[in-house]
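# Tertiary structure, described
Residues per chain are reported as follows:
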Amino acid sequence: MLAALGNGVTGGKWYSLMDKVYAPRTLEAAWQRVQANAGAHGIDRMSVEVFAANAPRYLAELSQAVRTGSYVPQAVRRVLIPKAGGGQRPLGIPTVKDRVVQAALKSVLEPIFEREFLESSYGFRPRRGCKDALREVQRQLDAGRVWVVDADLKSYFDTISHEMLLEKLKRRIADSKVLQLIERYLKQDIVAQAERWSPITGTPQGAVLSPLLANVFLHDLDEEMAMAGYKMVRYADDFVVLCESQAEAQVALMRISEWVQAHELVLHPDKTHVGNCQEQGQGFDFLGYRFEAGQRLIRRKSQQAFRDKVKALTRRSCGQSLEYLTDRLNPMLKGWFVYFKHAQSMIFGTLDAFIRRRLRSILCKQNKLGYYYNNSKTIHQRWPNAFFAEVGLFAMYEARLAASRPR
């Protein structure tokens, strides 16, 4: 993409970017990404399917509107989605048209900022992801950096300062029309049921452009920690600093606290701490894992989220055949195992047993048998573990053992 931007750069700042945003080829590629991601409708109730039926006309209209400056983003529809550990998380859903323009804008801006983003940043970046971040954490722990600053930014996406973010963008972007369009996105009205308001801070979680803007905002923290010699691993707003001593970790936390306060953010008082992860009870959570007492575990919230998904698929009154349920469960089980396969192995046996209990309960109801846990031995004999293996149910514990065997 950088090559396509031409020579519109002077003194490290990029000019004349808007024409790349509204270029038909850029919008078409952006629409393909939005269509692939599907997603719910926005406030205008236009679905991805409706847009697809008239895509050439809608894309031409968007190109014209962005080119002439008449394009104005619509309000964001806010919904609340359940969090794994309880509570709810706000999610903003822009209209399909706004998602297309944001995707086009992101495709133009991302290569510019990717040139300066640091190796310590892993979230929402091309060819980088959770597994890369986890590998780096493990590498630092293996190197003896077991004193860890586990930092949590409270409501980060909702509290980003618009003014500070725009100033950071202006260091590289000199196209006033692009900056004006980004500002319009930041100030989009939010609609939640009967309420409507204009945000004064933040960028909506769920918006296509939000992850890139969030990385731009935290890039200065990445640089400050790197220049001070700290080993930080950041995935969006979730980050840890791995140190060789308690004193080093305390100083690192102090520097983070000062930076956070200066940028009008807040560290969560209950979720930010320093600890020696080799000690029991002093571990830290990162990207679904729990690092504690020299072990790599699966954090409780991740386990509970897994159990909730299994329960949703295996309701006792679902009336589905075992083969149907196995076909629904297996893709989820395999995907979950691939991500967590480096965790301590015993948990997989516990979760396998939980799944089989759910399925046995369904089989009891379908066979008009009462299911009593104090008589579980009889139920187990009727449908032993081998029975589920024969129907093809994926067993995570067996897969974990196979993965650990030397080749």
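So, here's what we can say about the structure. Note that this is a predicted model, so its numbers are computed, not measured. (Residues numbered from 1 in each chain as written. Predicted model: local features only at pLDDT ≥ 70, side-chain atom pairs only at ≥ 80, totals over all residues. Heavy atoms only, no water.)

## What about the overall build of the chain?
Within the chain one finds 17 helices and 13 strands. Dimensions of the chain, computed from the C-alpha atoms along their principal axes, are close to 75 × 60 × 45 Å. Counting only residues that meet the buried cut, the chain has 46% of its 407 residues in that class. Taking the intrachain contacts of the chain between residues at least 6 apart in sequence as the baseline, contacts between residues at least 24 apart amount to 71%. If you sum the accessible surface of the chain, you get close to 20500 Å²; carbon and sulfur atoms cover 49% of it. (Helix = DSSP H or I, 4+ residues; strand = E, 2+ residues; numbered from the N terminus. Buried < 20%, exposed > 50% of the residue type's maximum accessible area, 1.4 Å probe, protein only. Contact = heavy atoms within 4.5 Å. Areas by Shrake-Rupley, 256 points an atom, 1.4 Å probe, with all protein chains shown as cover.)

## A look at the layout of surface pockets
The method is simple in principle: a probe with the dimensions of a water molecule rolls over the atoms, and the space it marks as empty is what remains. Considering only enclosed or pocket space, the largest pocket measures out at about 1800 Å³ in volume. Lining of the largest pocket is provided by 48 residues; of these, Lys 83, Arg 89, Asp 237, Asp 238 and Arg 299 occupy positions nearest its centre. Within the residue set of the lining of the largest pocket, elements represented by two or more residues are strand 3 (76–82), strand 4 (88–93), strand 5 (147–152), helix 7 (156–159), helix 10 (210–227), strand 11 (284–286), helix 12 (300–313) and helix 13 (322–340). In terms of residue count, the dominant contributor to the lining of the largest pocket is helix 12 (5 residues). (1 Å grid on protein atoms, 1.4 Å probe; cavity = no way out; pocket = protein on both sides within 12 Å on 5 of 7 lines; lining within 4 Å. Points joined across faces, edges and corners; volume = space filled by probe spheres on them.)

## Quick notes on the side chain of Ser 302
As for its placement among the helices and strands, Ser 302 is situated in helix 12. Residue Ser 302 is classed as buried on the basis of its relative accessible area of 11%. Once residues lying within four places of it in the same chain are set aside, the contact partners of Ser 302 are Gly 288, Trp 336 and Phe 340.

## A closer look at the packing of helix 13 against helix 17 (residues 396–404)
Where helix 13 contacts helix 17, the axes come no closer than 11 Å and their chain directions differ by 35°. Pair helix 13 / helix 17 crosses with right-handed handedness. When helix 13 is examined against helix 17, the residues Leu 333, Trp 336 and Phe 337 are found in contact with a partner set consisting of Met 396, Ala 399 and Arg 400. Partitioned by chemical class, the residues of the contact of helix 13 with helix 17 number 5 nonpolar, no polar and 1 charged. (Axes fitted to C-alpha atoms, helices over the stretch in contact; angles between N-to-C directions. Left-handed = near helix turned anticlockwise from the far one by under 90°. Nonpolar A, V, L, I, M, F, W, Y, C, P; charged D, E, K, R; others polar.)

## Looking at the sheet that holds strand 12 (residues 289–292)
Strand order in this open sheet of 3 strands is 11-12-13, and the pairing throughout is antiparallel. The open sheet has two edge strands with one neighbour each: strand 11 and strand 13 (295–298). For this sheet, the mean inter-axis angle between neighbouring strands, taken without regard to orientation, is 30°. (Pairing = 2+ DSSP bridges.)

## Focus on the environment of Phe 291
Within the secondary structure layout, Phe 291 lies in strand 12. Along the primary structure Phe 291 and Val 137 are separated by 154 residues, whereas in three dimensions their C-alpha atoms are 9.7 Å apart. If we skip the residues at most four places from it in the chain, Phe 291 touches Leu 134, Val 137, Gln 138, Leu 141, Cys 277, Gly 283, Phe 284, Phe 286 and Arg 296.

## Considerations on the pattern of salt bridges
Using the criterion set out here, one finds 18 salt bridges in the structure. Across the salt bridge formed by Lys 170 and Glu 167, the nearest N and O atoms sit 3.6 Å from each other. Separated by 3 residues within a single helix, Lys 170 and Glu 167 lie in helix 8 (residues 162–170), roughly one turn from each other. Owing to a relative accessible area of 37%, Lys 170 belongs among the partly exposed residues under this scheme. Glu 167 sits in the partly exposed class, given a relative accessible area of 48%. (Salt bridge = Lys/Arg side-chain N within 4 Å of Asp/Glu carboxyl O.)

## Structural notes on the pairing of strand 9 (residues 238–243)
By the criterion of burial, strand 9 is predominantly enclosed, with 5 of the 6 residues buried. In this sheet, strand 9 lies alongside strand 5 in antiparallel orientation, the contact comprising 6 bridges. The residue bridging Val 149 from the neighbouring strand is Val 241, located in strand 9. In this sheet, strand 9 lies alongside strand 8 (residues 231–235) in antiparallel orientation, the contact comprising 5 bridges. By the bridge assignment for strand 9, Arg 234 is matched with Phe 239. The antiparallel hairpin formed by strand 8 and strand 9 contains 2 residues in its connecting segment, where Ala 236 sits at a positive phi of about 60°.

## Details of helix 2 (residues 24–37)
Note: α-helices contain 3.6 residues per turn, so residues at a spacing of three or four share the same orientation. Taking 1.5 Å of rise per residue, 14 residues should cover 20 Å, and helix 2 covers 20 Å from first to last C-alpha, within 8% of that figure. For helix 2, the full list of buried residues reads Thr 26, Leu 27, Ala 30, Trp 31 and Val 34. Angularly, the buried residues of helix 2 cover 135° about the axis, an arc narrow enough to put them on a single face. Facing away from the buried surface of helix 2 by more than 90 degrees, the exposed residues are Arg 25 and Ala 36. Packing partners of the buried residues in helix 2 comprise helix 1 (18–21), helix 3 (48–53), helix 4 (55–68) and helix 5 (96–114). Looking one or two residues past helix 2, Ala 38 carries a phi angle of roughly 55°, positive in sign. (Expected span 1.5 Å × (residues − 1). Arc of directions from axis to C-beta.)

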